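# Structural features, examined
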Amino acid sequence: MKTPWLAPLLAVSILANLAWIPAAKADEEKTISASDISSVIKDLGLKAEEDKDDEDKTFWTIEGEGYSVLLFQYGGKGDVATSLGVSAFFDKEASLETLDSWNRDERYTKAYSTEEQCALEADLDQSVAPSKAEVKKFLETFTKAIPEFKEHLSSSDE
């Protein structure tokens, strides 16, 4: 007796086993390299200087029109990252109301105040599926938020 369903069933079973990834392997943190991050910065046409921190990880100072941004790598061993952090500092004090309204209304950045200045920050997790496209979108979103934040600070002065 022929079983016409057996061949397709075997094919599906074989393909499923080929795509299987052990849970321990799937749960390992992934990283993105400093060279990949540098290439994104270059592709965006941003002016940046590279330097090394005390863990020998690359960080970048990005200069734009009226702003300076620090981009740091976190996690991973060596000059790679499981996450990125970006910060812009402003020589201006801001009220708690002004910062709270920004944090309430904006999704991808956070603002806070120190004794003498305020800052805008954002973080990007790259530990699951590192991607140059995600880093590009992250930097585009953050650099677009800077003039909006400066305008928000100015409008609160009025």
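About the thresholds
All residue numbers refer to positions counted from 1 along the written sequence of the respective chain. Per-residue local features of the predicted model are confined to residues with pLDDT of at least 70, and side-chain atom pairs are confined, for both listing and counting, to 80 or more; whole-chain, interface and lining totals are unaffected and use all residues. To obtain the side-chain values, all non-hydrogen atoms of the structure were included, while hydrogens and water were left out. Any two strands between which DSSP finds at least two bridges are classified as paired. A run of H or I in DSSP counts as a helix once it spans at least four residues, and a run of E counts as a strand once it spans at least two, with each numbered from the N terminus. As a per-residue measure, pLDDT reflects the predictor's confidence and takes values from 0 up to 100. Fitted lines through C-alpha atoms serve as axes, helices being fitted only where they are in contact, and the angles separating the N-to-C directions of these axes extend from 0 to 180 degrees. When checking whether two residues touch, look at their non-hydrogen atoms; a contact exists if any pair is within 4.5 Å.

Here the focus is the pairing of strand β7 (residues 110–113). Taken residue by residue, a regular strand's side chains alternate between the two faces of the sheet. Here β7 runs beside strand β8 (residues 118–125); their pairing, made up of four bridges, is antiparallel. From the neighbouring strand, Lys110 faces β8, where its bridge partner is Glu121. In this antiparallel pair of consecutive strands, β7 and β8, the connection spans four residues.

Of all residues in the protein, 83% attain a pLDDT of 70 or more, and the chain-wide mean is 88. Across the protein, the element-wise mean pLDDT spans from 58 in helix α2 (residues 23–26) up to 97 in helix α3 (residues 34–43).

Take the sheet that holds β8 next. With antiparallel pairing, the six strands of this open sheet are ordered in space as β2-β3-β4-β6-β8-β7. Looking at which strands have only one partner, the edges of the open sheet turn out to be β2 (47–52) and β7. Across the sheet, the mean angle from the axis of one strand to that of its neighbour is 25°, orientation sign disregarded. Pairing analysis gives five bridges linking strand β3 (residues 58–64) to strand β4 (residues 67–74), with the strands arranged antiparallel. Residue pairing for β4: Thr61 is matched across the bridge by Leu70. On top of the sheet, α3 reaches β2, β3, β4 and β6 (83–90); it is set at about 10° to β3, its chief contact. The sheet strands contacting helix α4 (residues 96–105) are β7 and β8, and the helix crosses β7 at an angle near 165°.

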